[in-house]
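# Commentary on secondary and tertiary structure
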Amino acid sequence: SKWDIQGQSMFSEDGTQYATVCMKTNQLFLADFDRCSGMLSNGRYYAVPIIWNNNPYDSTDQDVHTVGLSFSPNGRFVYVAKDFNIMQIDLQDANPALSWVQVAGIDTSWQQFQRYSTIYPGPDGRLYIGNWNALSAQMSVVNNPNAKGAACGFCARCMRFPKFKFSPT
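Model, not experiment: these values are computed from the prediction.

### Comments concerning the nonpolar core
- Counting residues in each nonpolar core, the largest one holds 16 residues, and the members touching the most others are Tyr79, Ala81, Ile86, Tyr116, Ile119, Ile129 and Val142.
- Per element, the largest residue contribution to this core is 3 residues, and it comes from strand 8 (residues 77-82).
- In this structure, Leu30, Leu69, Phe71 and Ile89 belong to the second largest nonpolar core, which totals 15 residues.

Written as C-alpha cells, this is what we have:
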C-alpha cells in the first residue's frame, strides 16, 4: 500500500552515518556511509519499540508506525518519530537495540493532536518535529538533542508561528 513507502532518511551531521525509517516496518535502518565512494556498509536494523499510542478511549491501542527521524548533532542519538511518540536510541550504548527511550508522547490533547511526521535539525542545534497536515501554528522541539532521555529537553509545541490564515490566492 502507499503507506508502506512513507518515511524519512537522513545523514548524520558529519556525513559518516545514514539512517532511514519506513512507516510500516517499525524499524530503524542504520549504516556507515563513505563520503568518498558513496557506499553504505555495516548495515543494521533496530526494532523500534511498540508502545501505547496515548488513546484515552483504548488502552490497548498501539503506536506501530515509524514516520520520521533525525540524528542528534553529535551523532550519538537517533530520534524516531512514531505517529504518537518520539523515541531515542543511544548508538554508543553497548547494546543499542536495548537502549530505546520514549522522550515524548502526544504534544497536545488527543482530540487536537495531528500525529508526528518528520524531524529536522535546525541551525541552532535543536530538532524540530513536524505534524501531519502541517496546519498547526506550533511545532514541538528537542532543545538538547545531544543529551540522553528526559535531559534532551523535549518541549511540546514550543516553536510558535505568527498567526496565519489560508487564502485561495
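Moving on from the model shown.
### Quick word on the side chain of Asn54
- With respect to the secondary-structure elements, Asn54 resides in the loop between strand 5 (51-52) and strand 6 (62-63).
- A polar atom in the side chain of Asn54 sits 3.3 Å from the backbone oxygen of Phe84.
- Within the structure, Asn54 has its side chain in polar contact with the side chain of Asn85 (distance 3.4 Å).
- Beyond its immediate sequence surroundings of up to four residues, Asn54 is in contact with Phe84, Asn85, Gly105, Ile106 and Trp110.

### Quick word on the pattern of salt bridges
- The tally for this structure, following the rule as stated, stands at 7 salt bridges.
- Across the pair Asp90 and Arg76 runs a salt bridge, and its minimum N-O distance is 2.8 Å. With Asp90 in strand 9 (residues 86-90) and Arg76 in the loop between strand 7 (66-71) and strand 8, this residue pair connects regions lying 14 residues apart in the sequence.
- Judged by relative accessible area, Asp90 falls into the buried class, the value being 1%.
- Between Lys148 and Asp90 there is a salt bridge whose closest N-O contact spans 3.2 Å. Taken together, the residues span a long stretch of sequence, with Lys148 in the loop between strand 13 (138-142) and strand 14 (154-160) and Asp90 in strand 9 at a distance of 58 residues.
- One continuous salt-bridge network, built from bridges that share partners, spans Arg76, Asp90, Asp93 and Lys148.

Procedures and definitions
Residues numbered from 1 in each chain as written. Predicted model: local features only at pLDDT ≥ 70, side-chain atom pairs only at ≥ 80, totals over all residues. Heavy atoms only, no water. Core = buried A, V, L, I, M, F, W, Y, C linked by side-chain atoms within 4.5 Å. Buried < 20%, exposed > 50% of the residue type's maximum accessible area, 1.4 Å probe, protein only. Helix = DSSP H or I, 4+ residues; strand = E, 2+ residues; numbered from the N terminus. Polar contact = N/O pair within 3.5 Å; in protein donor to acceptor, adjacent residues only side chain to side chain. Contact = heavy atoms within 4.5 Å. Salt bridge = Lys/Arg side-chain N within 4 Å of Asp/Glu carboxyl O.

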